[in-house]
Amino acid sequence: MITQSMLVRLHRARQQLAQIEEPSPPLSMIAQGASLSLSHFIRRFTAVFGETPHQFRTRIRLKRAKELLALGEGSVTDVCMSVGFSSLGSFSWLFARHFGEPPSFYRRRFYPSIERLGLTPSDFAPECMSLMVSAWATPQFSRSDFI
Amino acid sequence: MRIKLNSIFVDDQSKALSFYTEILGFVPSQDIPVGEFRWLTVRSPEGGETELALEPNANPAAKEYQEALFVQGIPLTAFEVADVKAEFQKLRAQGVEFTTEPMQAGPVWIAVFSDTCGNLIQIYEPPEA
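Nothing here was measured: the structure is a model prediction, and the numbers come from that model. (Residues numbered from 1 in each chain as written. Chains lettered and ligands numbered in written order. Predicted model: local features only at pLDDT ≥ 70, side-chain atom pairs only at ≥ 80, totals over all residues. Heavy atoms only, no water.)

### So, the overall build of chain A
Then step 1. Counting its secondary structure elements, chain A contains eight helices and zero strands.
Then step 2. Residue burial in chain A is summarised as follows: out of 147 residues, 38% are buried.
Then step 3. Of the roughly 8,200 Å² of accessible surface on chain A, a fraction of 59% belongs to carbon and sulfur atoms. (Helix = DSSP H or I, 4+ residues; strand = E, 2+ residues; numbered from the N terminus. Buried < 20%, exposed > 50% of the residue type's maximum accessible area, 1.4 Å probe, protein only. Areas by Shrake-Rupley, 256 points an atom, 1.4 Å probe, with all protein chains shown as cover.)

Here it is, written out as C-alpha cells:
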C-alpha cells in the first residue's frame, strides 16, 4: 500500500528529477528529500512510475534534447550540455539507442521542415483529438485507398 | 450519438502500452504513427466496443491536470471488474502499487492503483444485479 504522503513525496522527487536546466542533485539527496533510503526510494519510484529514477531522468533529458534539436537551438554539443549531459559521446550513444538515429541526423532530418513551416514548441504538444484527426488523415487511411 | 472512446493522459506511450496490455490485459487496437507520437488505443478482451486512447501528456496543460489529480490521490478514470479482491491480488503479485486496497463503498467494491504512467486508476465491482 502506498500512502497519500508517500505519493506526494514520490511526485516531488519526480519533479526534481525532471528539472534539467539546473545541475541535478545526486539520487541519494533526492531520496533523502523524500525521507527514504536510496534503495527503498528506487524500488517505490519504479513500482509507481514504471521506470527507475535514472531511466526517468534520462528519458526527460533526451525528450527535451529532441525538441531543442528540432527547433534548431544551439549546436548538438550545446543541446547535450543544456539538458544536463556532460559527455557528447554518451549523449549521442543514448540518443541513438532511444530514437534510432544520432542527434545530428535527427536535426538534419527535422530542422529544415520545421523552419520552413514556422513551427513552435507548442506544435510538439498535440492533444488527443488532434492526434486522432492526423492519424486518420495519413495516406494509408485516405479515402482514395478504398475507391 | 454513442460513447465509444475514452482517453487518458500518459507520460510515455510505449511504457503505457506495455502496462495496459501486459499488466492490465487489455488488447492493442489502433496504433498509427503521427509525427513524434502515436494514435494509440486499447480495448477490453472481455468485450464492449469502447476504446481507450493512451494520449501523450506533452501539452503542459495536460501534464498539470494529470499531476494535480495524482498528488491529490484522485483516480483519472475507472474500469469495471467482476471481482475487485481477486483483481487486487493478481495485480499486486505483478508489482502494481495500490493507494487504496479493496474497500466497500456502499454496495460497490473499489480499489485504486498507480498505472505507472502518472495516473491513479480505480477499479470497481458493481453491486450484484
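### Some remarks on the sheet that holds strand β3 (residues 37-43) of chain B
All names here are of chain B.
Then step 1. Pairing within the open sheet is mixed, and its four strands lie in the order β1-β4-β3-β2. Strands at the two margins of the open sheet, each flanked by one partner only, are β1 (5-10) and β2 (27-34). Across the sheet, the axes of successive neighbouring strands diverge by a mean angle of 25 degrees, strand direction being ignored.
Then step 2. Where β1 meets strand β4 (residues 51-56), six bridges bridge the pair, whose relative direction is parallel. Bridging from a neighbouring strand, F9 pairs with E55 of β4. (Pairing = 2+ DSSP bridges. Axes fitted to C-alpha atoms, helices over the stretch in contact; angles between N-to-C directions.)

### Some thoughts on the side chain of T99(B)
Then step 1. Mapped onto the secondary structure, T99(B) falls in strand β6 (residues 98-105).
Then step 2. With relative accessibility at 14%, the residue T99(B) sits in the buried group.
Then step 3. Contacts of T99(B), omitting those with residues within four sequence positions, involve M1(A), I2(A), L7(A), V112(B), F113(B) and L120(B). (Contact = heavy atoms within 4.5 Å.)

### Digging into the packing of helix α1 (residues 4-18) of chain A against helix α3 (residues 38-49) of chain A
Residue and element names in this part refer to chain A.
Then step 1. Viewed as axis vectors pointing N to C, α1 and α3 meet at an angle of 90 degrees, and their least axial separation amounts to 11 Å. Put simply, α1 runs roughly perpendicular to α3. Residues M6, L10, H11, A13, R14 and L17 of α1 form the contact with α3, whose own contacting residues are F41, R44, F45, V48 and F49.
Then step 2. The residue makeup of the contact of α1 with α3, split by class, is eight nonpolar, one polar and two charged. (Parallel < 35°, antiparallel > 145°, perpendicular 65-115°, else oblique. Nonpolar A, V, L, I, M, F, W, Y, C, P; charged D, E, K, R; others polar.)

### Examining the pattern of salt bridges
Then step 1. A complete count under the given rule lists 13 salt bridges over all chains for this structure.
Then step 2. A salt bridge links E51(A) to R59(A); its shortest N-O distance comes to 2.8 Å.
Then step 3. With a closest N to O distance of 3.2 Å, K90(B) and E87(B) form a salt bridge. Linking K90(B) with E87(B), this pair stays in helix α3 (residues 84-93), spanning three residues, or about one helical turn.
Then step 4. Judged by relative accessible area, K90(B) falls into the partly exposed class, the value being 43%.
Then step 5. Taken together, the shared-partner salt bridges connect R14(A), E51(A), R59(A), D11(B), D12(B) and K15(B) into one network. (Salt bridge = Lys/Arg side-chain N within 4 Å of Asp/Glu carboxyl O.)

### Quick word on the environment of L69(A)
All names here are of chain A.
Then step 1. Here L69 lies in helix α4 (residues 53-70).
Then step 2. Its relative accessible area of 0% is what places L69 among the buried residues.
Then step 3. Considering only alpha carbons, one finds L69 and M29, 40 residues apart in sequence, at a separation of 31 Å.

### Looking at the packing of aromatic side chains
All names here are of chain B.
Then step 1. The tally for this structure, following the rule as stated, stands at 15 aromatic pairs over all chains.
Then step 2. Measuring from centroid to centroid gives 4.7 Å for F88 and F98, while their planes differ by 75 degrees, and the two rings are edge-to-face. Here F98 lies in strand β6 and F88 lies in helix α3, a separation of 10 residues in the sequence.
Then step 3. Relative accessible area serves as the criterion here: at 5%, F88 is assigned to the buried category.
Then step 4. Overall, F98 belongs to the buried group, its relative accessible area being 2%. (Phe/Tyr/Trp six-rings, centres within 6.5 Å; stacked < 30°, edge-to-face > 60°.)

### Regarding the sheet that holds strand β7 (residues 108-114) of chain B
All names here are of chain B.
Then step 1. Overall, mixed pairing links the four strands, which are arranged β5-β8-β7-β6 in an open sheet. Each edge of the open sheet is held by one strand with a lone partner, namely β5 (77-80) and β6. Taken pair by pair, the neighbouring strands of this sheet meet at an average axis angle of 20 degrees, ignoring direction.
Then step 2. Judged from the six bridges that link them, β7 and strand β8 (residues 120-125) form a sheet pairing that is antiparallel. Bridge pairing in β8 places I110 opposite Y124.

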